[in-house]
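Close look at the chain arrangement
What follows is the residue order along each chain.
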Amino acid sequence: MEETKTELQLIKLSEIQSQEVSWLWFPFIPYGKLTIVQGDPGDGKTTFVLNIAAKLSKGGGLDNEMKLTEPLNVIYQSAEDGLADTVKPRLEQAGADCEKISVIDERIKSLSMIDVRLEEAVIKTGAKLLILDPIQAYLGGGMDMNRANEARDMTKKLAALAEKYQCAIVLVGHMNKAAGNKAAYRGMGSIDFFAVARSVLLVGRVEGEENTRAVVQIKNNLAAFGHPKAFALSEGGFQWLGDYEITADEVLGGIAPKANKMEQAKRLLRELAETNNAMQSNEILSLADEQGISKRTLENAKKELGVRAKRINNTWYWELDKIKQ
């Protein structure tokens, strides 16, 4: 067959106006781009994204890097959970303003990634976050996500939608069973999904800690990798734990983290408090460094334990006598 000729059109980069990337959650979820949240079934992916949606609907965030000035509208599409008996109760438990969270009605026709209703819904609601959970359910009839050309077409159209309306689009995906493979290749379907996404987050269990789930960034094309995070799941619901010391390999391999540096840092401060009412901050930082504890983790431990810093004769001291036990 003779290939249809397409007229050549060139774009000079001098005609393109440079733009900075804006973030819904730095450096994990950018506006105007695709983000993938992937993990094994039952490991908390959906709970994680639902709690993000709930926070955003009230104008809040999981941490200080979700810098909102007002509540955001969210579109959440779930093909696996019932709206009335699962999705809404979980959002309500997370404290969501359900007036700010919409679902495209699929009773007449199922939705796909290239469905025009996605754009119509973003326009109508002004949504700044669109979640498709899971990826596999929104391929459309006859499309095979394992074929690179088809996956590329789907993701390109979705990426164009995100960029056009500066909406963050999050695709939730199950991992495949190829144990031992790199995280990029354990995502279901063609590697093109991973390639088009600007950020990919891995959610998984922490070995030895039944209720703890880790969130590890395994791809970031727009900024330095974010520090691993964690959250807890219990009868009381979802609890955000913040910074956590774990690697993607430890999550994927079901290996207990070598050390929970946050707990190690708090233990160090408590031990120092047994014999010192106050210590120079430089001395504490040096002791932490010897144990492989980063300054950032130590500062977070200091904050959690209620340690105050005091300047005496141009030297900073940490007051350890009132540490929270």
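Residues numbered from 1 in each chain as written. Predicted model: local features only at pLDDT ≥ 70, side-chain atom pairs only at ≥ 80, totals over all residues. Heavy atoms only, no water.

The name an unreviewed UniProt entry assigns to the protein is AAA family ATPase, from the organism Sporofaciens musculi.

What follows concerns the layout of surface pockets. Quantified by volume, the largest pocket comes out at close to 740 Å³. In terms of lining, the largest pocket is formed by 27 residues, of which the most central are Lys229, Leu241, Gly242, Asp243 and Asn300. At 5 residues, the largest contribution of residues to the lining of the largest pocket is made by helix 10 (residues 295-304). The residue inventory of the lining of the largest pocket, partitioned by class, reads 9 nonpolar, 7 polar and 11 charged. Shared between two domains, the lining of the largest pocket takes at least three residues from each, and those domains are domain 1 (22-251) and domain 2 (258-319). (1 Å grid on protein atoms, 1.4 Å probe; cavity = no way out; pocket = protein on both sides within 12 Å on 5 of 7 lines; lining within 4 Å. Points joined across faces, edges and corners; volume = space filled by probe spheres on them. Helix = DSSP H or I, 4+ residues; strand = E, 2+ residues; numbered from the N terminus. Nonpolar A, V, L, I, M, F, W, Y, C, P; charged D, E, K, R; others polar. Domains from an automatic or database assignment.)

On to the pairing of strand 13 (residues 308-312). In terms of strand pairing, strand 13 meets strand 14 (residues 315-319) through 5 bridges, oriented antiparallel. Residue pairing across strands places Ala309 opposite Trp318, the latter belonging to strand 14. Between strand 13 and strand 14, which pair antiparallel one after the other, the connecting turn spans 2 residues, and Asn313 there sits at a positive phi close to 50°. (Pairing = 2+ DSSP bridges.)

For the rest of this paragraph, the subject is helix 3 (residues 116-125). Along helix 3, the positions that sit buried rather than exposed are Arg117, Leu118, Ala121 and Val122. All buried residues of helix 3 lie within an arc of 140° about the axis, which places them on one face of the element. Away from the buried face of helix 3 by more than 90 degrees, exposed residues Val116, Ile123 and Lys124 are located. Of the residues one or two after helix 3, Gly126 is the one with positive phi, at around 70°. (Buried < 20%, exposed > 50% of the residue type's maximum accessible area, 1.4 Å probe, protein only. Arc of directions from axis to C-beta.)

Moving on, we get to the sheet that holds strand 14. Reading across the sheet, the 3 strands line up as 12-14-13 and stay open at both edges, with antiparallel pairing between neighbours. Edge positions in the sheet fall to strand 12 (278-280) and strand 13, since each of these pairs with one other strand and no more. Mean inter-strand twist for the sheet, computed between neighbouring axes without regard to direction, equals 35°. Pairing of strand 12 with strand 14 involves 3 bridges; the strand directions are antiparallel. Residue pairing in the sheet places Met279 in a bridge with Trp318 of strand 14. (Axes fitted to C-alpha atoms, helices over the stretch in contact; angles between N-to-C directions.)

With that settled, consider the packing of aromatic side chains. In this structure the tally under the stated criterion is 8 aromatic pairs. Residues Phe48 and Phe231 carry aromatic rings whose centres are separated by 5.7 Å and whose planes lie at 5° to one another, so their mutual orientation is stacked. On the criterion of sequence distance, the pair formed by Phe48 in helix 1 (residues 45-57) and Phe231 in strand 10 (residues 229-234) is long-range, its members being 183 residues apart. Of the two residues, Phe48 and Phe231, both sit in the buried class. Their ring planes at 15° and their centres at 6.4 Å tell us that Phe48 and Trp240 sit as a pair that is stacked. In this pair, Phe48 is assigned in helix 1 and Trp240 in strand 11 (residues 237-243), connecting sequence segments 192 residues apart. According to the relative accessible area criterion, Phe48 is buried, its value standing at 0%. A network of ring pairs unites the aromatic residues Trp25, Phe28, Phe48, Phe231, Phe238 and Trp240 as a single cluster. (Phe/Tyr/Trp six-rings, centres within 6.5 Å; stacked < 30°, edge-to-face > 60°.)

So, about the pattern of salt bridges. One pass over the full model with this rule turns up 11 salt bridges. Here Asp105 ties to Arg107 by a salt bridge, and the two come within 2.6 Å at their closest N and O atoms. Exposure remark for Asp105: the relative accessible area of 41% places this residue in the partly exposed category. Given the relative accessible area of 76%, Arg107 is considered exposed. Residues Lys266 and Glu304 are paired through a salt bridge, measuring 3.0 Å at the closest nitrogen-oxygen approach. In this pair, Lys266 is assigned in helix 8 (residues 261-273) and Glu304 in helix 10, connecting sequence segments 38 residues apart. (Salt bridge = Lys/Arg side-chain N within 4 Å of Asp/Glu carboxyl O.)

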